[in-house]
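Observations on chain architecture
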Amino acid sequence: MFTKQSPEPSTKLAEQAAPLLDRATEQMSALTQRGADHVGEASRQLREKARDASEGTVNYIRHEPIKAVLIAAATGAALMALVSLASHSGDRH
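First, a word on what this report is: a plain description of the structure on this page. (Residues numbered from 1 in each chain as written. Predicted model: local features only at pLDDT ≥ 70, side-chain atom pairs only at ≥ 80, totals over all residues. Heavy atoms only, no water.)

What about the overall build of the protein?
Using the following cut-off: Strands are runs of DSSP state E lasting at least two residues, helices are runs of H or I lasting at least four, and both sets are numbered from the N terminus onward. Here, Shrake-Rupley sampling with a 1.4 Å probe gives the accessible areas, and only protein chains in the shown set may cover a residue.
Scanning the protein from N- to C-terminus turns up two helices and zero strands. On the protein, roughly 8,600 Å² of surface is accessible, and the fraction owed to carbon and sulfur atoms is 64%.

Digging into the pattern of salt bridges
Between side chains of opposite charge, pairing is possible as soon as their charged atoms come close. Inclusion rule: Here, a salt bridge means any side-chain nitrogen of Lys or Arg that lies within 4 Å of a carboxyl oxygen of Asp or Glu. Throughout, exposure labels follow a simple rule: accessible area from a 1.4 Å probe, protein chains only, divided by the maximum for the residue type, with under 20% read as buried, over 50% as exposed, and the rest as partly exposed.
Summed over all chains, the structure comprises four salt bridges. Where Arg51 meets Asp52, a salt bridge forms, and the shortest distance between an N and an O atom there is 3.4 Å. Relative accessible area serves as the criterion here: at 45%, Arg51 is assigned to the partly exposed category. Salt bridges here are not isolated pairs; linked through shared partners, they connect Glu41, Arg44 and Glu48.

Considerations on helix α1 (residues 9-63)
Counted only if it meets this: Each residue after the first adds 1.5 Å to the expected span of a helix. To get the bend at a given residue, fit one axis to the seven residues ending there, fit another to the seven starting there, and take the angle between those axes.
Look at α1: 80 Å from first C-alpha to last across 55 residues, which is about the 81 Å you get at 1.5 Å a residue. If you look at α1, its biggest bend is around 30 degrees, right at Ala17, and the proline Pro19 turns up within four residues after that.

A word on a nonpolar patch on the surface
Applicable threshold: Exposure above 30% relative accessible area and the absence of a salt bridge qualify a residue for a patch, where like charges join within 9 Å and nonpolar side chains (Val, Leu, Ile, Met, Phe, Trp, Tyr) within 5 Å.
On the surface, a nonpolar cluster with roughly 270 Å² of combined accessible area is contributed by Tyr60, Ile61 and Ile71. Of note, Tyr60 is situated in helix α1.

Next comes the structure, spelled out in structure tokens:
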């Protein structure tokens, strides 16, 4: 009356899928770690470049203070001209 039946097809499928899911999870974890490592390295390089630029700027100001002030003044004047131009062109529309 009671016969041993083979496992349900869904059970077989789940048993077959489990190793595939485990492998996919491991691969995603590895990819995530590699991505995090790359972001960390890029962040470190960016900090180094910013520090180098800052040091270069300080050295330039220290060795060429008059030129540095003139460059800063010219940059400020150019930015103010752009802001003024943008605000006037916005008033016309």
